[in-house]
Amino acid sequence: MEQSPSTAVLTAAGVADAHESAVLVAGERLDADSQPVVNPARLHEVVGRVALGTAAHVDRAVTAAAAAFPAWSRMSPHERADRLSAAADAVSAAAGPLAELLTREQGKVLWESRVDVGGAAHILRYYTGLADRLAEDEVFRSDARGTVWSGRRPMGVTGVIVPWNSPVYLAFLGISPALLAGNTLVVKPSELAPLTLSAVLTVLAENLPEGVVNVVPGGGEAGAAIAEHHGIRKVFFTGSTATGQQVMRAAAGNLKNLSLELGGNDPAIVLESATVDDGLVDELVQSVFTASGQICFNVKRIYVHRSHHADFVERYTAAVDRLVVGDGLDPRSSMGPVNNRPQFERIQGLLERTRAAGATVTTLGSKLDPDGWDDGYFLLPSVVTDVAPGAELVTCEQFGPVVPVLPFDSDDEVVGLANDSEFGLAASVWSRDREHALGVARRLESGSVFLNVHRIGASDVSMPFGGFKGSGIGRGHGINALEACTELQTIADHVDVSGFPGPAR
Ligand code: NAD
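Note that the structure is predicted; figures quoted are calculated from it, not measured.

Throughout the structure, instances matching the rule amount to one cavity of 30 Å³ or more. The calculated volume of the largest cavity comes to roughly 80 Å³. In terms of lining residues, the largest cavity is bounded by 16 residues, among which Pro267, Arg301, Ala418, Phe423 and Glu445 are the most central. Elements represented by at least two residues in the lining of the largest cavity include exactly β15 (266-270), α14 (411-419) and β22 (426-430). Residues belonging to the lining of the largest cavity are distributed by class as follows: seven nonpolar, five polar and four charged.

Laid out in structure tokens, this is it:
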């Protein structure tokens, strides 16, 4: 068993931190094969190493989590909330330098990393405030026939599988309610952005009883082992729809309870009753290009009423052209690189096919460092017009800095276009007329609909969030997530069953 804490190592450039995402089980680091984590803005820079967790590691982690479960689950919710509150303070104190690390491994610009890393303590603290909701069983009925209570019970060992795009924030949307509810955890960071999350989880694990939080980083093998493991009762999975389907199949083995937060193809709908001004245009630039388009609820397609379409396209392309693409650590960058090579190549291929199909692809923005451009997964932002409603770019989840803009003529038409999708995560309606916008919003097959906004922050941790259709199962955030990681138990005392006499005796 290796007990190697993160240490400083000498590199050609001097002393640098060695960052490591290790398998962490009951406070111990386990031996594992590993691979480098590369900076997507400087491909020659190895930021750290990630352990490639196996099914055997998952098994060890489940055993540790199961051993920790009885004591953790028997604490009162307020006692757990106190422990989590203290852990949140420790996480918060450690978080300062971690935003830079996240930018170096993930690529996003620094303010985006700060929001992501800051999410850990913020979400933990939010959930500690919900301890009252678990503290007492509800008296469901109490009368001459007896008393019936209902109460929320923890499910047991819970798996949390995390994608690379907002690794810390998304992990804590599962971790925080699961821990408050009394579950113990096996968390799997993505192999593509594991370092910051692992650093945060190490602090969290150190501040909670041994075995309550276990970490198995890695790729599909570790994820699949969590989805399959019969010692796990619940999985919070955040990732693509295709992987979510695999998780669902694997989870059938012991009928795991699942929360699936999956992909999206969010439409933004600019109604005839909207005013196309700088405010609207700038919001829609944020909505599309924050994190280089790699947020599940970024706007992925824009529909503009034909009366505004030409004006919108002109103003929008001018605004997108002001974006500067470069290393996320440089404050002059408005957009970082995309995170990984498959993503980079997929978007380039999508743009080539979109061009070949006759659409107009307008590549905009500027390169912060033209000399270093080819040393990163940098993509300039693109706006696509003259594109068919059924084109690949319009119907897929592109997850990158490219957006189609399409005209429409009526509300009925645009509702049909927006709903003609396998996804249904979020949508937005843009209008000066609230009633008009609400009327359209209520017809959309979408877990969230935002009015005149559609960016990170539009869905805060207290608001139910999740997808219709292929965008997921269940609702995260708020009380919904707490309910999603508990079983509802009914206790009945002296219920009058005289109306059911039973067999003659
Ligand atoms: P992904 O599905 O490729 O991977 C997600 C996680 O699943 C990773 O940790 C991965 O290692 C793991 N995994 C891979 N194979 C697995 C298997 N067979 N069983 C179990 N786990 C497995 O997704 P990604 O590329 O990391 O993330 C991008 C996707 O996530 C996009 O589709 C995006 O929309 C979606 N996403 C959704 C939300 C939401 O809240 N709805 C939030 C963020 C991202």
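Next up on the list: the packing of helix α1 (residues 55-74) against helix α2 (residues 77-95). It is at 8 Å that the axes of α1 and α2 come closest, and there the two elements cross at 110°. The pairing of α1 with α2 is recorded here as roughly perpendicular in orientation. Across the interface between the two elements, Trp72, Ser73 and Arg74 of α1 pack against Arg80, Arg83 and Leu84 of α2. For the contact of α1 with α2, the residue count by class is two nonpolar, one polar and three charged.

Each pair of aromatic rings is reported with the distance of its centres and the angle of its planes. Overall, the coordinates contain seven aromatic pairs when judged by the stated rule. For the pair phenylalanine 312 and tyrosine 316, a centre-to-centre distance of 4.9 Å together with 20° between the ring planes defines the contact as stacked. Of the two residues, phenylalanine 312 and tyrosine 316 both sit in helix α11 (residues 306-320), four residues apart, roughly one turn of that helix. Residues phenylalanine 312 and tyrosine 316 agree in their burial class; the two are buried. For the pair phenylalanine 344 and tyrosine 377, a centre-to-centre distance of 5.5 Å together with 45° between the ring planes defines the contact as tilted.

Moving on: the pairing of β22. With respect to burial, β22 is a largely interior element, five of its five residues being buried. Of the two faces of β22, the one carrying Ala426, Ser428 and Trp430 and the one carrying Ala427 and Val429 are both buried. Bridge count for β15 against β22 is three bridges, and the pairing is parallel. Bridge assignment links alanine 268 to a residue of β22, and that residue is serine 428. Bridging between β22 and strand β23 (residues 448-451) involves four bridges; their strand directions are parallel. Directly across from alanine 427, in β23, lies its bridge partner valine 449. As a crossover connection, the stretch from β22 through helix α15 (residues 434-441) into β23 is right-handed.

Any two packed helices are characterised by the angle at which their axes cross and by the distance between the axes. Following both chains from N to C, one finds α2 and helix α4 (residues 110-128) inclined at 165°, their axes separated by 9 Å at the closest point. Judged by the angle between their axes, α2 and α4 are roughly antiparallel. α4 is crossed by α2, and the crossing has left-handed handedness. Residue-level inspection shows Ala81, Leu84, Ser85, Ala88, Asp89, Val91, Ser92 and Ala95 of α2 in contact with α4, the latter providing Val117, Ala120, Ala121, Leu124, Arg125 and Thr128. For the contact of α2 with α4, the class distribution of residues is nine nonpolar, three polar and two charged.

Lining the immediate environment of the ligand, one finds 30 residues, of which Val162, Ser240, Thr243, Leu262 and Glu397 sit closest. Note that a nitrogen atom of the ligand is positioned 3.3 Å from one of the backbone N or O atoms of alanine 224. For the ligand, a nitrogen atom lies 2.7 Å from a polar atom in the backbone of leucine 262. Contact with the protein chains removes 88% of the 850 Å² of surface that the ligand exposes when unbound. When each cavity is represented as a set of grid points, the ligand is found to reside in the largest pocket. Among the secondary structure elements, those contributing two or more residues to the shell around the ligand are α8 (220-228), β13 (234-238) and α9 (241-251).

Turning to the environment of leucine 197, a few remarks are in order. Locating leucine 197 in the fold gives a position in helix α7 (residues 195-206). Given the relative accessible area of 0%, leucine 197 is considered buried. The spacing of leucine 197 and proline 167 is 30 residues in sequence and 6.4 Å in space, taken between C-alpha atoms.

Procedures and definitions
- Residues numbered from 1 in each chain as written.
- Predicted model: local features only at pLDDT ≥ 70, side-chain atom pairs only at ≥ 80, totals over all residues.
- Heavy atoms only, no water.
- 1 Å grid on protein atoms, 1.4 Å probe; cavity = no way out; pocket = protein on both sides within 12 Å on 5 of 7 lines; lining within 4 Å.
- Points joined across faces, edges and corners; volume = space filled by probe spheres on them.
- Helix = DSSP H or I, 4+ residues; strand = E, 2+ residues; numbered from the N terminus.
- Nonpolar A, V, L, I, M, F, W, Y, C, P; charged D, E, K, R; others polar.
- Axes fitted to C-alpha atoms, helices over the stretch in contact; angles between N-to-C directions.
- Parallel < 35°, antiparallel > 145°, perpendicular 65-115°, else oblique.
- Contact = heavy atoms within 4.5 Å.
- Phe/Tyr/Trp six-rings, centres within 6.5 Å; stacked < 30°, edge-to-face > 60°.
- Buried < 20%, exposed > 50% of the residue type's maximum accessible area, 1.4 Å probe, protein only.
- Pairing = 2+ DSSP bridges.
- Right-handed = clockwise from strand over helix to strand, strands pointing away.
- Left-handed = near helix turned anticlockwise from the far one by under 90°.
- Near = heavy atom within 4 Å.
- Polar contact = N/O pair within 3.5 Å; in protein donor to acceptor, adjacent residues only side chain to side chain.
- Areas by Shrake-Rupley, 256 points an atom, 1.4 Å probe, with all protein chains shown as cover.
- Sits in = over half its atoms within 2 Å of the grid points.

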